[in-house]
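# Coordinate inspection notes
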Amino acid sequence: MCDHDEDEDASGHHIHRELPETDIDENNEKLEGMGILTAVAIALHNFPEGLATFVATLADPTVGVGLAVAIIIHNIPEGLCVSIPIFYATGSRWKGFWIATLSGVAELVGAALGYA
């Protein structure tokens, strides 16, 4: 995230003004919170997907495999929606990766519930 504002002077040159550290910290907290809320929302979304994939596979394995592939493909942008705000807020790729991974684990929990 950018830690400065840009303006132009009369000659058209860019002037950089540093933002106060408190503004940066506040923005990072908001951004990290947004990433975590997105992770929770996606986890709630993924739970029934796992259950549906398991049930579809029981009914017809061909349908189940096709559904699983489609879900895997659409989980890529979901993971990015979680990990990118976390990364930009914290600077940690691992934290973004693990929070995104945890949001996807809800799918496995849904599938396990279908098995039980």
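All values derive from a computational prediction rather than experimental measurement. (Residues numbered from 1 in each chain as written. Predicted model: local features only at pLDDT ≥ 70, side-chain atom pairs only at ≥ 80, totals over all residues. Heavy atoms only, no water.)

### Some details on the overall build of the protein chain
- Along the protein chain, the regular secondary structure elements total three helices and two strands.
- When the elements of the protein chain are put in sequence order from the N terminus, they spell out β-β-α-α-α.
- Put simply, the protein chain has 116 residues, and 25% of those count as buried.
- Taking contacts inside the protein chain between residues at least 6 apart in sequence as the whole, the part at least 24 apart equals 57%.
- As presented, the protein chain carries roughly 7700 Å² of accessible surface, and 69% of it is formed by carbon and sulfur atoms. (Helix = DSSP H or I, 4+ residues; strand = E, 2+ residues; numbered from the N terminus. Buried < 20%, exposed > 50% of the residue type's maximum accessible area, 1.4 Å probe, protein only. Contact = heavy atoms within 4.5 Å. Areas by Shrake-Rupley, 256 points an atom, 1.4 Å probe, with all protein chains shown as cover.)

### Overview of the packing of aromatic side chains
- By the definition in use, this model includes five aromatic pairs.
- Ring plane angle 85° and centroid distance 6.1 Å describe the contact between F54 and Y115, whose orientation is recorded as edge-to-face. Of the two residues, F54 sits in helix α1 (residues 21-59) while Y115 sits in helix α3 (residues 93-115), which places them 61 residues apart along the sequence.
- The interplanar angle of 70° and the centroid separation of 5.3 Å between the aromatic rings of F87 and Y88 together place this pair among those described as edge-to-face.
- Residue F87 is classed as partly exposed on the basis of its relative accessible area, which comes to 27%.
- The rings of W94, F97 and W98 are connected pair by pair, giving a single aromatic cluster. (Phe/Tyr/Trp six-rings, centres within 6.5 Å; stacked < 30°, edge-to-face > 60°.)

### Side note on the packing of helix α2 (residues 61-90) against α3
- Contact geometry for α2 and α3: axes closest at 8 Å, N-to-C directions at 145°. For the crossing formed where α2 meets α3, the hand is right-handed. Taking contact as the criterion, the partners of I71, N75, G79, V82, S83, I86, F87 and T90 in α2 are, on α3, R93, K95, G96, F97, I99, A100, S103 and E107. (Axes fitted to C-alpha atoms, helices over the stretch in contact; angles between N-to-C directions. Left-handed = near helix turned anticlockwise from the far one by under 90°.)

### Notes on the nonpolar core
- In this structure, A39, I42, V82, I86, I99 and A100 together form the largest nonpolar core, which totals six residues.
- Elements with a minimum of two residues in this core: α1, α2 and α3.
- In contact with I86, other than residues within four places in its own chain, are E32, G35, I36, G91, K95, G96 and I99. (Core = buried A, V, L, I, M, F, W, Y, C linked by side-chain atoms within 4.5 Å.)

### With respect to α3
- Over its 23 residues, α3 extends 34 Å from the first C-alpha to the last, a length consistent with the 33 Å expected when each residue adds 1.5 Å.
- Listed in full, the buried residues belonging to α3 are G96, I99, A100, S103, A106, E107 and G110. (Expected span 1.5 Å × (residues − 1).)

### Some details on α2
- If you check α2, its first and last C-alpha atoms are 42 Å apart, about what 30 residues at 1.5 Å a residue would give, namely 44 Å.
- Remark: the principal bend of α2, roughly 25°, maps to N75, with a proline, P77, within the next four residues.
- Among all positions of α2, only G64, I71, E78, G79, V82, S83, P85, I86 and A89 are buried. (Bend = angle between axes of the 7 residues up to and from the residue.)

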